[in-house]
Amino acid sequence: MKSNLITRAGHDKLAAELQHLWHEERPEITKKVNWAASLGDRSENADYQYNKQILRKIDRRVRYLGKRLEELRIIDFSPEQEGKVYFGAWVEIENEEGEQKTLRIVGVDEIYDHHPQHISIDSPMARALLGKQVDDEVKVMTPSGEKLWYVNVIRYEKPENSAN
C-alpha cells in the first residue's frame, strides 16, 4: 500500500494540475469532440475518435486526482524535525567509494515528475534514512547487496512565513 503523505508543494502541484485539466484542457477537448461529432459519421471520423480518446484520458486523470487529493495528508516542516531525517528532508549522503547523492524524501505522488533527486517515502533508501542524523551510517539493502552510506547534511524547505 502506498503512503498518503505529501509535501505542501507536491499537493499544490497536483491541485493545480486538476484545475488545469478541469477548467482548461477538458473544455477545449470537449469543443473539439462536439465539432467533430457535428460532421456526421463518427465511425470513420479520425478527429472525433482521437479527441474522444483524449477526453477519456483527461476524465480518468481528473477522477484519480479528485479522489487522491482527498486522501493525501500534507506534511509541513516542523522545527522539531531539525537535525534528523524525516519526510520532506533534503539529505546529502556519501558512500565508502566517495560517491555523493542529494535526495529528497517525498510522497509517492511526487515521483510522477521523475525528479532525479526525489525518492518515495516508501523506498528502501528513504526507510533506512528516516530518523538518522548527520554522521550516522545507513545500511540499505539493494538488489546487488547491502550498501553503506553516511549522512553528511540534512536540510528542510521551510515555509516562507516561518521565523526559522
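Above this text you will find the structure in question.
The model shown is predicted, which means the values in this text are computed figures rather than measured ones.

Engineer: Explanation requested: the sheet that holds strand S5 (residues 118–120) in the structure shown.
Structural biologist: Strand pairing in a sheet is mediated by backbone hydrogen bonds. Such pairs are either parallel or antiparallel. With respect to topology, 5 strands assemble into an open sheet ordered S5-S4-S3-S7-S6, the strand pairing being mixed. Unpaired on one side and paired on the other, S5 and strand S6 (137–142) mark the two borders of the sheet. Here the average twist between neighbouring strands, direction ignored, is 45°.

Engineer: Can you walk me through the pairing of strand S3 (residues 90–95) in this structure?
Structural biologist: Working note: regular strand, side chains alternate between the two faces of the sheet. Bridge analysis of S3 against strand S4 (residues 100–106) gives 5 bridges, and the strand direction is antiparallel. Bridge pairing in S4 places valine 91 opposite leucine 103. Here S3 hands over to S4 after 4 residues, with glycine 98 in that stretch at a positive phi of 90°.

Engineer: How should I be thinking about the packing of aromatic side chains in this particular structure?
Structural biologist: How two aromatic rings sit relative to each other is given by the distance of their centres and the angle of their planes. A complete count under the given rule lists 1 aromatic pair for this structure. When the centroid spacing of 5.3 Å and the interplanar angle of 45° are considered together, the rings of phenylalanine 77 and tyrosine 156 count as tilted. Of the two residues, phenylalanine 77 sits in the loop between strand S2 (73–75) and S3 while tyrosine 156 sits in the segment after strand S7 (145–155), which places them 79 residues apart along the sequence. By relative accessible area, tyrosine 156 is classed as buried at 8%.

Engineer: What is the right way to look at the environment of aspartate 59 in this model?
Structural biologist: With respect to the helices, strands and loops of the structure, aspartate 59 is situated in helix H2 (residues 46–71). Along the sequence, aspartate 59 and arginine 26 sit 33 residues apart, while their C-alpha atoms lie 8.0 Å from each other.

Engineer: Sorry if this is basic, but what is going on with the pairing of S4 here?
Structural biologist: In the sheet, S4 pairs with S5 via 3 bridges, with the strands oriented parallel. Along S5, the bridge assignment pairs isoleucine 105 with isoleucine 119.

Conventions used here
- Residues numbered from 1 in each chain as written.
- Predicted model: local features only at pLDDT ≥ 70, side-chain atom pairs only at ≥ 80, totals over all residues.
- Heavy atoms only, no water.
- Pairing = 2+ DSSP bridges.
- Helix = DSSP H or I, 4+ residues; strand = E, 2+ residues; numbered from the N terminus.
- Axes fitted to C-alpha atoms, helices over the stretch in contact; angles between N-to-C directions.
- Phe/Tyr/Trp six-rings, centres within 6.5 Å; stacked < 30°, edge-to-face > 60°.
- Buried < 20%, exposed > 50% of the residue type's maximum accessible area, 1.4 Å probe, protein only.

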